[in-house]
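What follows is the residue order along each chain.
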Amino acid sequence: MQVTKTGTALSQDEVDTFWTEGYLVVREVLTRAEARHFSQLVMDLLPRDLSIPDHWEAFDGRFKPFHTPGNQTFDTPAFIPLFQNERLYEIVAQLLQSPRLLVRDGSLAITLRNDTPHETELSQDLHLDPAVPEDVDEFLLTPEEVEIGGCFYFTDVEPGGGAIHVVPGGHRMVEAEATSVPRGRQLHDKWRNIPHLKSVEVTGSAGDFVLMHHLMPHAASHNRRSAPRVAQFLRYARDDQPYSAGSRPGDRPSDRTFNELQLAAMTPLGRKLFGVSPW
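Just so we're clear, the structure is a prediction, and the values are computed from it rather than from any experiment.

Cut-off values and rules
Residues numbered from 1 in each chain as written. Predicted model: local features only at pLDDT ≥ 70, side-chain atom pairs only at ≥ 80, totals over all residues. Heavy atoms only, no water. Helix = DSSP H or I, 4+ residues; strand = E, 2+ residues; numbered from the N terminus. Expected span 1.5 Å × (residues − 1). Buried < 20%, exposed > 50% of the residue type's maximum accessible area, 1.4 Å probe, protein only. Arc of directions from axis to C-beta. Contact = heavy atoms within 4.5 Å. Axes fitted to C-alpha atoms, helices over the stretch in contact; angles between N-to-C directions. Parallel < 35°, antiparallel > 145°, perpendicular 65-115°, else oblique. Nonpolar A, V, L, I, M, F, W, Y, C, P; charged D, E, K, R; others polar. Salt bridge = Lys/Arg side-chain N within 4 Å of Asp/Glu carboxyl O. Core = buried A, V, L, I, M, F, W, Y, C linked by side-chain atoms within 4.5 Å. Pairing = 2+ DSSP bridges.

### Observations concerning helix α2 (residues 32-43)
Then, number 1: With 12 residues, α2 should cover 16 Å at 1.5 Å per step; its first-to-last C-alpha distance of 16 Å lies within 8% of that length.
Then, number 2: Taken together, the buried positions of α2 are Ala35, Phe38, Ser39 and Val42. Each buried residue of α2 lies within a common arc of 105° when the element is viewed along its axis, so the set occupies one face.
Then, number 3: Against α3 (80-83), β4 (101-111), β5 (147-153) and β10 (229-238) lie the buried residues of α2.

In structure tokens form, the structure reads like this:
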């Protein structure tokens, strides 16, 4: 597993590793106290009687809260500090070679213990979440198109504990396969089901962030441990990204409106990342 040392930016070896492997674990982006704070915020969303709201997603012990029906983004004032984390911003700006970034997603995940036997470690199909809209037939494969996403681990994630799975070098495999045929963006049910690649588990500690290239096949896995896995997902793109940093209306910063409490929680950097203030 490839990880970074504590610090603000990446070494050249770490940069090379990210572009070769397609992912990188960045250690201690949050302190353990900060991670514990956000973990509790997420766990508090679970109703005490475990009556899961109808508009949430739930599958094999994996819960995806929705802020409102159809809206998975938690950008309330309590969660806004995650979007504007300065160390994470500096790392992504270094990788994308531009300080002018936009941020989106902000979805959450809770994975509870599930001892039901399954054929594989995965609780969902290997898939892509590219910024490239599904009605586009070809990936551009330009620096401007690249999006870097990933997830905060708010809890320690040990082997068998519901870690995210990735395919080392998978982004290059996707590129090679997509460019070998016409309409490569449309392969494998628009890359929602990629059964022929083998993944590895990415463990980590509370406060770590798992960085991933937007063409990285990835999937959730079953949690066989007693402790829940709690995570939050973010995506960064350059402000000259050809699809306005999101493939669907509502995903783009320009589509959002913010109330006074949200705006008060934003730093000057955050206002730019959210598209409130211009770069």
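From this point on, the discussion continues.
### Examining the packing of helix α1 (residues 12-21) against helix α5 (residues 170-178)
Then, number 1: Closest axis-to-axis distance for the α1/α5 pair is 6 Å, and the angle between their directions is 45°. As judged from the angle between their axes, α1 and α5 are oblique. Along the contact surface, α1 presents Phe18, Trp19, Thr20 and Glu21, while α5 presents Gly170, His171 and Arg172.
Then, number 2: Its residues assigned to classes, the contact of α1 with α5 shows two nonpolar, three polar and two charged.

### Focus on the pattern of salt bridges
Then, number 1: A complete count under the given rule lists 14 salt bridges for this structure.
Then, number 2: For Asp105, the salt bridge identified is with Arg235, shortest N-O distance 3.5 Å. In this pair, Asp105 sits in strand β4 while Arg235 sits in strand β10, placing the two residues 130 residues apart along the sequence. Neither Asp105 nor Arg235 differs from the other in exposure class; each is buried.
Then, number 3: The salt bridge partner of Glu144 is Arg238, with a shortest N-O separation of 3.6 Å.

### Considering the side chain of Thr155
Then, number 1: In this fold, Thr155 is placed in the loop between β5 and β6 (164-166).
Then, number 2: Setting aside its immediate chain neighbours within four residues, Thr155 contacts Ser39, Gly204, Ser205, Ala206, Pro228, Arg229 and Val230.

### Remarks on the nonpolar core
Then, number 1: Within the largest apolar cluster, 43 residues are counted, with the highest numbers of intra-cluster contacts made by Phe152 and Leu211.
Then, number 2: Those residues within four positions of Leu211 in sequence are excluded, and the remaining contacts are Phe18, Gly22, Tyr23, Leu24, Val26, Leu88, Ile91, Val92, Leu95, Ile148 and Gly149.
Then, number 3: The next biggest cluster of nonpolar side chains, apart from the first, holds 27 residues, and it includes Leu122, Cys151, Tyr153 and Val167.

### Some points on α1
Then, number 1: All buried positions along α1 are accounted for by Glu14, Val15, Thr17 and Phe18. Projected down its long axis, α1 shows its buried positions confined to an angular sector of 160°, all on one face. For α1, the exposed residues set more than 90 degrees away from the buried face come down to Gln12 and Asp13.
Then, number 2: Close packing links the buried residues of α1 with β1 (23-26), α4 (86-96), β5, α5 and β8 (209-213).
Then, number 3: Trailing α1 by a residue or two, Gly22 shows a phi angle of about 90°, which is positive.

### Describing the pairing of β1
Then, number 1: Of the two faces of β1, the one carrying Tyr23 and Val25 and the one carrying Leu24 and Val26 are both buried.
Then, number 2: Pairing of β1 with β8 involves four bridges; the strand directions are antiparallel. Each bridged residue has a counterpart across the sheet, and for Tyr23 the counterpart in β8 is Met212.

### Some details on unusual backbone geometry
Then, number 1: Of note, Asp105 is a non-glycine position whose phi angle comes to about 85°, a positive value.
Then, number 2: Given a relative accessible area of 9%, Asp105 falls into the buried group.
Then, number 3: Phi is positive for His188, which is not a glycine, with a value near 50°.
Then, number 4: Since its relative accessible area comes to 25%, His188 is described here as partly exposed.

### Observations regarding the sheet that holds strand β3 (residues 62-64)
Then, number 1: Judged by pairing direction, the sheet is antiparallel, and its seven strands sit side by side in the order β1-β8-β5-β10-β4-β3-β2 without closing on themselves. Sheet topology places β1 and β2 (57-59) at the edges, where each strand pairs with a single neighbour. Pairs of neighbouring strands in the sheet enclose a mean axial angle of 20°, with direction left out of account.
Then, number 2: Pairing analysis gives 10 bridges linking β4 to β10, with the strands arranged antiparallel. Counted as the bridge partner of Ile110 is Val230 from β10.
Then, number 3: Packing of α1 onto the sheet brings it into contact with β1, β5 and β8, and relative to β1 it is tilted by some 135°.

Keep in mind that these numbers describe shape and distance, not what the molecule does.
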